[in-house]
Every structure is written in structure tokens, then in C-alpha cells.
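Descriptive analysis of the structure
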Amino acid sequence: MLKGNWFTVVQEKAAMGPTTSRTVWQIQRDVIFALLVREMKTRFGKLKLGYAWVLLEPAMHIIVLGTLFSFLGREFYPGIPTVLFMLAGIAPFLCFSHCFGKSMAAVDSNRGLFNYRQLRPFDAVMSRVLLEFAIYLISLIALLGLLAWVGISATFNNFLLLIAVNLLYLCFCFGMSLALCVAGAKYPEAGKFAPLIQRPLYFMSGVFFSLEQVPEQYHPYLAWNPLLHVIELTREGLFSSYHGMFANLPYLAFSSLAMLGFGLLVYRSQWRDLVRSK
Amino acid sequence: MIELRNLTKSFRTPNGRKVLFKDVNAVFPEGKNIGILGRNGAGKSTLLRIMGGIDYPDYGRVITNERISWPMGLASGFQGSMTGRENAEFICGIHGIWGRSRQAVLDRVQDFAEIGDYFNAPVKNYSSGMRSRLAFGLSIAVDFDCYLVDEVMSVGDAHFKHKCEQVIAEKRKSAKFIIVAHAMPQLKKNCDVGIYLGPEGLQIFDTVEEAIELYQQGIPKPKVQQQNRAEQALKA
């Protein structure tokens with residue numbers, strides 16, 4: 001019975017195969033979508049609280065930093081509750097640091113998947129960055145809502161600025177991740193340096209300070225960091241009493257697009273070597 | 001049609017590069033089943049994967065208008081923490097099979113693999129036999145013009161083996177195969193064109209028998225008989 005069933009279907013050659021008429025864009029879309037679903041399932045599916053970890057991770061960081069700095073007993077930035085100030089710094093930084101770590105291992109941890117010819121490191125990196133970014137935005141919005149519900153809120157400022165900043169930030173993360181995925185695959189030693197770069201950035205990117213609070217003589221050094229501009233501009237977009245006097249949107253735009261171009265070029269020149277047997 | 005143009009592939013070894021094949025030009029017409037022979041390490045699997053677009057040559061190109069499968073029965077793409085069903089859904093997804101046709105494929109995989117309720121259990125809990133049955137079921141549930149087979153024609157127990165052979169025979173009517181195998185009878189039965197990968201590079205023959213002959217020249221006769229005896233003993 002079972003066998004007969006199977007054979008009739010094979011004979012019919014029912015429309016089950018990959019349709020020949022798929023365009024490259026359709027293939028790309030199918031692959032990215034399937035990878036996103038897969039990543040979600042593997043990332044959160046096996047954890048106890050599952051998808052709640054999307055919120056819990058940034059929340060934990062904020063609670064630690066928030067309690068630490070509330071002992072100082074002052075408002076960090078006039079007109080903005082300390083917790084909100086931290087949240088706007090932590091959330092983008094966590095996204096950056098996840099992209100950074102995950103993309104370095106993107107080739108090695110997905111080796112098995114490259115047996116499917118339509119799935120290349122590009123897709124693995126893209127789906128990871130998209131997922132990280134979605135998690136970042138969702139957690140930021142949800143935590144802002146949650147804090148507003150318990151009475152910690154600030155006046156909202158500029159939605160368009162937020163959209164611009166986040167689009168540019170997505171380009172930045174994607175370009176960086178592509179470059180890092182190539183670097184991580186070609187030089188496995190690069191993984192050793194990752195924490196070395198990430199940790200200082202945590203302190204230099206304004207996660208828990210604003211550039212205005214730093215003496216002006218250090219600005220020329222700190223202001224090179226695009227991440228600092230992302231965080232400053234995010235705060236400026238979120239809170240109307242935040243001025244972000246030294247944040248520079250054109251600089252962020254330039255560095256993000258340059259990073260995207262750089263990442264794409266590096267990947268383009270090396271991608272066959274990433275999956276080729278040697 | 002599959003065309004190889006100036007195909008060159010070498011591997012790095014501590015003693016310099018080892019060239020597997022160099023400047024290969026060939027055209028395989030539509031509907032020809034290809035058998036690849038050679039000793040261990042001659043580059044059979046590499047050639048198969050290059051033809052399937054999974055691996056890349058040093059130089060040259062593979063030109064084809066066919067839909068080529070992933071290596072049949074390959075289980076390395078499975079994610080251990082996901083269930084068999086979720087893994088199957090993923091593979092359907094990257095091949096653009098969604099919605100109702102995906103459900104049809106999933107049902108068929110579950111039927112064919114005969115793993116019952118384990119289909120909804122994480123793959124890491126599978127035995128190796130169940131794993132390869134699931135993988136094999138998936139490979140034939142998705143339709144391709146050309147299937148890659150890398151020495152996995154025989155997975156699982158005798159019953160399953162028989163079922164696989166029947167399905168492959170059925171598939172041969174509508175699709176073709178590129179086979180890497182050491183079992184000569186299997187190659188003779190399934191292949192039209194032979195590729196022999198020897199120490200002096202790659203040779204292509206119009207019939208698989210010629211390739212088999214060349215391959216067996218290197219083997220001293222008594223050993224073959226011993227092998228046959230061993231095989232017969234195993235079969236009995």
C-alpha cells in the first residue's frame with residue numbers, strides 16, 4: 001500500500017522539484033527565508049525560555065549597568081532616565097557584537113550546508129545579520145514599551161532620523177560581517193583577536209556615556225568610531241532632550257556605505273576560495 | 001547537457017601541488033548516465049562535486065542547463081537540534097518548495113524513510129541508519145534532472161536497499177545519474193559513459209565497460225578473486 005503510493009507519485013513526477021523557472025531573486029529569497037527560519041529554530045528553540053531570550057539578553061545588560069550607575073545617584077543626561085540612556089546604547093552595541101562574533105565563524109559552522117549549491121557563505125552571513133538586526137529592533141522597541149509601561153519614559157524625537165540611522169547601520173553590519181566572514185575563514189587566528197577588538201569598543205563607543213561628557217581634546221580620537229555615531233544618533237532620534245551635538249549623520253552614511261562596499265568587494269574576490277576544497 | 005571546459009583541479013600537499021586532472025574538455029549529451037571510477041584519493045568525489053556546482057575547480061568551467069541535485073543521501077546538512085521534519089522543511093525551502101507541495105514532499109519523505117514518529121524527534125537522537133534513510137528519502141523526494149550519487153546506493157537494511165533500487169530504477173526513466181562507485185556491477189547496470197581517474201589524469205570513454213577494464217588492469221587477478229569470494233561469503 002505504502003509502496004504503491006510512493007511509486008505512483010514518482011511516475012506522475014508531480015510538481016515537486018525546484019521549478020526551473022525560479023529567477024535568481026526568487027532563489028535568493030527562498031534561501032534567505034529558509035535560513036532565517038532555521039536560525040530562529042536553532043537559536044531559541046532549544047533554550048528553556050525560548051524566544052523570550054530576545055528580550056532577556058539586552059534586559060540583563062541594562063539591569064546590570066542601570067543598577068551600577070544608579071548607585072552614583074545622579075541622572076546621567078539631563079532629562080533622560082538613566083535606564084533609557086543605557087538601553088539606547090546597549091541595544092545597538094549588542095547587535096554589533098553578535099554580528100561580529102557570529103560572522104567570523106559563519107563559514108565553518110555552516111560547512112554542511114554548502115553541499116547545496118544555491119547556498120553559499122553570502123546567504124549564511126546575510127541571514128544571520130538580518131536576524132540579529134531584527135532581534136535588535138524588536139528588543140529595543142519592546143523594552144522601550146515595557147519601561148514606558150512601568151513609568152520610565154522620555155519624549156520621543158525624530159522617527160525619520162531613526163530610520164535613516166538604522167538603515168545605514170544595517171549596511172554597516174552587513175558589510176562588516178561579509179569582510180569578517182572572509183577573514184575568519186582565511187585566517188582562523190583572526191578569531192583570537194576578536195575579543196581584543198570588541199572589548200575596548202564597548203568602552204569607546206559611548207554605550208554608557210555621551211561624547212559631550214568627554215573632554216573636547218579626546219574627540220578627534222573617539223569620533224572616528226562609526227559605532228559611536230550610531231549610538232549618539234539613535235539617542236538623538238529617540239529622546240527629544242538629547243542633543244547629540246557631535247554626532248554626524250553624513251560621516252555615518254559615508255562610513256557605512258564604504259564598509260558595505262568593502263565587504264562586498266572582499267567577498268566577491270574570495271568567495272569561491274571559501275567553499276573550494278584545497 | 002553538461003560541458004566541461006578547461007577543467008583543472010589540484011590539491012595542496014606538503015610536497016607541492018598534486019594535480020588531479022588538467023585542462024579537461026568534454027561534452028556529456030543529455031540523458032547519458034555517467035560513472036566515475038578510480039582508486040581512493042584519485043579525486044572522484046571532487047570531480048562529482050565540481051560537476052554538481054558544489055566545489056570549484058582551479059581553472060575552467062562547468063556549463064550546464066540541468067537541475068543537478070546535491071549528493072544523494074547526504075546527511076551532513078542536517079541540524080541535530082532540529083527535528084527530521086524541520087530539516088526536511090528547510091531543504092524544501094531552499095529549493096523553493098512551499099505550501100501544499102511542501103506538505104506532499106514531507107509526507108512522502110516520512111513514508112519512504114519509514115522512521116514513523118521519529119520524524120518529529122530531533123535528528124541528533126537518530127541512529128545512523130535512520131539518519132541516512134531520512135537523507136535518502138529527501139534526495140529522491142525532490143525532483144531533479146540529474147542526481148549525484150557518491151557511493152551511497154546502499155543504505156540501511158536489505159529491505160530498504162531493495163526499495164531504494166526500485167525507486168532509482170523508476171527515477172532513471174525521467175532523470176539521469178552521475179555515479180561514483182567501486183561496485184562494478186552497479187556501474188555496469190546504471191551507467192552509459194565512463195570516466196576513469198588515473199594517475200595520469202582523466203580519461204573519458206563512450207562505454208562504462210572500457211573504463212572498468214582500464215580500472216581493473218591495475219588490480220592483480222588473484223586479489224579480485226579473493227574479493228569476489230569475500231563478497232560471496234558476505235552475501236551467503
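A few points on the structure. Keep in mind the model is a prediction, meaning the values are calculated, not measured.

Let us now look at the overall build of chain B. Helix and strand counts for chain B come out as eight helices and nine strands. Put simply, chain B has 236 residues, and 44% of those count as buried.

The next subject is the overall build of chain A. Secondary structure summary: chain A contains 11 helices and zero strands in total. Overall, chain A shows an N-to-C arrangement of helices and strands of α-α-α-α-α-α-α-α-α-α-α. The C-alpha extent of chain A, read off along each of the three principal axes, is 75 × 40 × 35 Å. Scored against the burial criterion, the 278 residues of chain A give a buried share of 38%.

Residue and element names in this part refer to chain A. Within the secondary structure, Leu 131 is located in helix 6 (residues 121-149). Residue Leu 131 is classed as partly exposed on the basis of its 19 C-beta neighbours within 10 Å. Considering only alpha carbons, one finds Leu 131 and Val 37, 94 residues apart in sequence, at a separation of 9.5 Å. Dropping the residues within four chain positions of it, Leu 131 is found in contact with Leu 36, Glu 39 and Met 40.

Moving on: the nonpolar core. Of all hydrophobic cores here, the largest spans 134 residues; its most connected members are Leu 87, Cys 173 and Cys 181 of chain A together with Ile 36, Ile 178, Ile 179 and Leu 197 of chain B. Take this core: its biggest share by element is 15 residues, from helix 7 (residues 159-186) of chain A. With residues up to four places along the chain from it excluded, the contact list for Ile 178 of chain B reads Ile 34, Leu 48, Met 51, Cys 146, Leu 148 and Val 149 of chain B.

Turning to helix 11 (residues 249-275) of chain A, a few remarks are in order. All names here are of chain A. Compared with the 39 Å implied by 1.5 Å per residue over 27 residues, the 37 Å span of helix 11 between its first and last C-alpha is a close match. Of all the bends in helix 11, the greatest, near 50°, is centred on Ser 269. Every buried residue of helix 11 is listed here: Leu 252, Ser 255, Ser 256, Met 259, Leu 260, Gly 263 and Tyr 267.

A few words now on the packing of helix 4 (residues 82-104) of chain A against helix 7 of chain A. Residue and element names in this part refer to chain A. Helix 7 packs onto helix 4 with a crossing angle of 25° between their chain directions and a minimal axis gap of 7 Å. If you check the angle between helix 4 and helix 7, you find them roughly parallel. In the crossing of helix 4 with helix 7, the sense of the turn from one axis to the other is right-handed. Between helix 4 and helix 7, the contacting residues are Pro 92, Cys 95, Phe 96, Cys 99, Phe 100, Ser 103 and Met 104 on the first element and Tyr 169, Cys 173, Met 176, Ser 177, Leu 180, Cys 181 and Gly 184 on the second. For the contact of helix 4 with helix 7, a count of residues per class yields 11 nonpolar, three polar and no charged.

Residues and elements named next belong to chain B. Taking strand neighbours across the sheet as the criterion, the three strands line up as 2-1-4 in an open arrangement whose pairing is antiparallel. The sheet is open, and its two borders are formed by strand 2 (16-28) and strand 4 (59-64), each paired with just one other strand. Pairwise comparison of adjacent strand axes, ignoring direction, gives a mean angle of 25° for this sheet. Alignment of strand 1 (residues 2-13) against strand 4, held across five bridges, turns out to be antiparallel. Pairing of Glu 3 across the sheet is with Ile 63, part of strand 4. Set on the sheet, helix 1 (residues 44-51) makes contact with strand 1, strand 2 and strand 4; between it and strand 1 the angle comes to about 135°.

A separate point is the sheet that holds strand 6 (residues 146-150) of chain B. All names here are of chain B. Taken in spatial order, the six strands make up an open sheet running 5-6-7-3-8-9, and their pairing is mixed. Strands at the two margins of the open sheet, each flanked by one partner only, are strand 5 (68-71) and strand 9 (201-205). Pairs of neighbouring strands in the sheet enclose a mean axial angle of 15°, with direction left out of account. Relative to strand 7 (residues 176-180), strand 6 runs parallel, the two sharing five bridges. Bridging from a neighbouring strand, Val 149 pairs with Ile 179 of strand 7. Seen against the sheet, helix 1 touches strand 3 (34-38), strand 6, strand 7 and strand 8 (193-198) and runs at an angle of roughly 155° to strand 7.

A separate point is helix 2 (residues 24-44) of chain A. The end-to-end C-alpha distance of helix 2 of chain A is 30 Å, a good match for the 30 Å that 21 residues give at a rise of 1.5 Å each. Taken together, the buried positions of helix 2 of chain A are Asp 30, Val 31, Ala 34, Leu 35 and Arg 38 of chain A. Take helix 2 of chain A and look down its axis: the buried residues cluster within an arc of 120°, on one side only. Away from its buried face by more than 90 degrees, helix 2 of chain A exposes Trp 25 and Gln 26 of chain A. Against the buried residues of helix 2 of chain A lie helix 6 of chain A together with helix 2 (84-94) of chain B.

Relative to the elements of secondary structure, Ala 52 of chain A occurs in the loop between helix 2 and helix 3 (53-70). Through-space distance from the C-alpha of Ala 52 of chain A to that of Val 165 of chain A is 26 Å; in sequence the pair is 113 residues apart.

All names here are of chain A. One can describe the packing of helix 4 onto helix 8 (residues 190-204) by two numbers: an axis separation of 10 Å at closest approach and a directional angle of 175°. Here helix 4 is positioned roughly antiparallel relative to helix 8, judged by the angle of their axes. Of the residues in helix 8, those touching helix 4 at Phe 93, Ser 97, Phe 100, Gly 101 and Met 104 are Ala 190, Gly 191, Ala 194, Gln 198 and Tyr 202. Considering only residue class, the contact of helix 4 with helix 8 consists of six nonpolar, four polar and no charged.

Cut-offs applied
Residues numbered from 1 in each chain as written. Chains lettered and ligands numbered in written order. Predicted model: local features only at pLDDT ≥ 70, side-chain atom pairs only at ≥ 80, totals over all residues. Helix = DSSP H or I, 4+ residues; strand = E, 2+ residues; numbered from the N terminus. Buried ≥ 20, exposed ≤ 12 C-beta atoms within 10 Å, placed from the backbone. Contact = placed C-beta atoms within 7 Å. Core = buried A, V, L, I, M, F, W, Y, C linked by C-beta atoms within 7 Å. Expected span 1.5 Å × (residues − 1). Bend = angle between axes of the 7 residues up to and from the residue. Axes fitted to C-alpha atoms, helices over the stretch in contact; angles between N-to-C directions. Parallel < 35°, antiparallel > 145°, perpendicular 65-115°, else oblique. Left-handed = near helix turned anticlockwise from the far one by under 90°. Nonpolar A, V, L, I, M, F, W, Y, C, P; charged D, E, K, R; others polar. Pairing = 2+ DSSP bridges. Arc of directions from axis to C-beta.

Interpretation note: all reported values are geometric properties and have no functional meaning in isolation.
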